[in-house]
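# Working through the structure, step by step
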Amino acid sequence: FALQLYLILFTCLLLFATESSQYEETRYDQFKRQHVDGKMTEKKCDKVINSKQIYNPDNSCKDTNTFILDNPSEVKKICVEGKFDENLQMTKSHIQFKVVKCELKNEGGRKPNCQYKGNLLTNRYVAVACENNLPVHFAGDIMVLQD
C-alpha cells in the first residue's frame, strides 16, 4: 500500500511540474510585459508597474522602467530591421518611438509600494538585445536631435 501511495504522489508531482512549466514566461513575453504598452501614459506608472508585476527578483522596486508606446509587432521588427551596434552589443531601432520612462521616487521601496514619476519622451530610437530575432532586453533609448 505504501508503494502505491508513493507512486500516486510521485505521479501527481510529475503532472504538476509538467503543467507549471508549460506556463513559464519566455524572455520575449517578459520583455513585452515589462516594456511594450501602446496605451501607457506618464501618469499610469504606479498602476501599470503594479498590475504587470514589474519588480526586481528580490521584490524591490526597479529604479527605472521604460515602456515603448507601440504594438508588439512593430517593436519586434527592431530585431530584424534595426542596426546592430558593435559598441553597445545591442540592436538599435530603425524607426523612432515614443516612450514613457518611469523613475522610482521612493528609493528603497518594495513591492507593492513602488512610487514612480513618469516622463513621456518622443523621437527616441531604442536599443534592445535580441535572441532568435525577438527583443529580450531593453537597453535604453536614444534621443534624436532635430535640426
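What comes next is a walk through the structure.

About the criteria used
- Residues numbered from 1 in each chain as written.
- Predicted model: local features only at pLDDT ≥ 70, side-chain atom pairs only at ≥ 80, totals over all residues.
- Heavy atoms only, no water.
- Helix = DSSP H or I, 4+ residues; strand = E, 2+ residues; numbered from the N terminus.
- Buried < 20%, exposed > 50% of the residue type's maximum accessible area, 1.4 Å probe, protein only.
- Pairing = 2+ DSSP bridges.
- Core = buried A, V, L, I, M, F, W, Y, C linked by side-chain atoms within 4.5 Å.
- Polar contact = N/O pair within 3.5 Å; in protein donor to acceptor, adjacent residues only side chain to side chain.
- Contact = heavy atoms within 4.5 Å.

## Considerations on unusual backbone geometry
Geometrically, the link from K111 to P112 is a cis peptide bond, its omega value of 0° lying close to zero. Along the polypeptide, P112 turns up in the loop between β4 (97-104) and β5 (116-131). In this structure, Q53 is a non-glycine residue whose phi angle is positive, near 55°. With respect to the element layout, Q53 can be found in the loop between α3 (45-51) and β1 (64-68). The backbone phi angle of N133 is positive, close to 60°, even though this residue is not glycine. As for its placement among the helices and strands, N133 is situated in the loop between β5 and β6 (134-143).

## Observations regarding the pairing of β1
Regular strands place their side chains on alternate faces of the sheet. By the criterion of burial, β1 is predominantly enclosed, with four of the five residues buried. In the sheet, β1 pairs with β4 via five bridges, with the strands oriented antiparallel. Its bridge partner lying in β4, N65 is registered against C102.

## Thoughts on the nonpolar core
Grouped together as the largest cluster of nonpolar side chains are 14 residues, with contacts concentrated most on M40, F67, C102 and Y116. Of all the elements in the fold, those that place two or more residues in this core are α3 and β4. Membership of the second largest hydrophobic core comes to 12 residues, among which are I68, I78, L121 and F138.

## Topic: the side chain of D85
Positionally, D85 belongs in strand β2 (residues 83-85). A polar contact of 2.8 Å, which involves the side chain of D85, links it to the backbone nitrogen of N87. Leave out the neighbours within four places in its chain, and D85 touches M90 and K92.

## Some points on the environment of K62
Relative to the helices and strands, K62 resides in the loop between α3 and β1. Sequence separation of K62 and L104 is 42 residues, and the distance between their C-alpha atoms is 7.0 Å. Setting aside residues up to four positions removed in sequence, K62 forms contacts with Q34, H35, I54, Y55, N56, L104 and Y116. Polar side-chain contacts of K62 include one of 2.8 Å to the side chain of N65.

Purely geometric stuff here, so don't read any function into it on its own.
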